[in-house]
Amino acid sequence: MHTDLKLAFIGGGNMAAALIGGLADKLTPAANIHVVDPNPDTLDRLRQKFGVATASSIDAALAARDVVVLAVKPQQMKDVVAALRPHLGAQLILSVAAGVRAVDLSSMLGGHGAIVRTMPNTPALIGKGITGMAALPGVSPAQREAADAIMRAVGSTVWLSDEALLDPVTAVSGSGPAYVFYFIEAMQQAAQEMGLSPEQGVELAVATFVGAAQLAAEADEPVSVLRERVTSKGGTTHAALTSMESDGVRQSIVKALKAAAARGKEMGEEFGRG
């Protein structure tokens, strides 16, 4: 346990709560975690559940923090940054806000260089997330290590050499859970249309995704080899995959992810211009 690491969370929503749950009395004592949120119910819930310190607004207490985690919506960021700036020293800023570039945050914070931008995904809520991370040059090795430890509290991490690569990370893993849910919904629908009950469709589809994903995670071979092993020529799986290929499903998925990445880049540019 890094007992000296003092953290502040600006925003106490779902992602912040997931991170706090993975950090409190594990990476650092709960008393070292300070949460700022205007919602008294949110603060009360976090205080009761994790034993963290709370406040309804940003104040001088943040000056004593080692890391400030920005866990707010992009549309709230400018007001948050304006309130934070007077209390900012050498702290590491760790942003989990989608579509807000680290370079723009740095500019808004008067050139502050110790910023790590992250893109977690919703499986972080159960400790199974994966987070893309990019650091500005002003981040020290110790701060980079701290940022990695914080995000590993809710899953694994992938560091990127270029912040621009967070747009494709957003498309693949940030938005990715929605694609999985979408496919599960389609499998459930097909199950029902073929005579299975809604409950059976849910159980079969979800268990298949969980098992296949775990198999892919633990296997030494590429996923293409795993797919080929299930696909006997002329069999049922071959029939399904042939239908998908003829309908251009693979190309549609690739196109969709590229659209998501393009939108992520566009959102960052819109925020920067604003």
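So, here's what we can say about the structure. (Residues numbered from 1 in each chain as written. Predicted model: local features only at pLDDT ≥ 70, side-chain atom pairs only at ≥ 80, totals over all residues. Heavy atoms only, no water.)

### Some thoughts on unusual backbone geometry
Even without being a glycine, Asp25 presents a positive backbone phi close to 65°. Looking at the secondary structure, you find Asp25 in the loop between α1 (14-23) and β2 (33-36). (Helix = DSSP H or I, 4+ residues; strand = E, 2+ residues; numbered from the N terminus.)

### Quick word on the pairing of strand β5 (residues 92-95)
Remark: a regular strand shows side chains that alternate across the two faces of the sheet. Along β5, one buried face is formed by Leu92 and Leu94 and the opposite face, lined by Ile93 and Ser95, is buried too. Taken together, the 4 bridges between strand β4 (residues 67-70) and β5 define a ladder with parallel strand orientation. Among the inter-strand pairings, Val68 is bridged to a residue of β5, identified as Ile93. The β-α-β motif built from β5, the intervening helix α4 (residues 102-108) and the parallel element strand β6 (residues 115-119) has right-handed crossover chirality. (Buried < 20%, exposed > 50% of the residue type's maximum accessible area, 1.4 Å probe, protein only. Pairing = 2+ DSSP bridges. Right-handed = clockwise from strand over helix to strand, strands pointing away.)

### A short note on the nonpolar core
Among the nonpolar cores identified, the biggest contains 33 residues, and Phe9, Leu19, Ile20, Ile33, Leu94 and Ile150 are the most heavily contacted of them. Those elements giving two or more residues to this core turn out to be β1 (7-10), α1, β2, α2 (40-50), β4, β5 and α5 (141-151). Considering every element that reaches this core, the biggest residue donor is α1, with 6 residues. Setting aside chain neighbours within four positions, we find Ile33 in contact with Leu7, Phe9, Ile20, Leu23, Ala24, Thr28, Val52, Ala53 and Arg65. (Core = buried A, V, L, I, M, F, W, Y, C linked by side-chain atoms within 4.5 Å. Contact = heavy atoms within 4.5 Å.)

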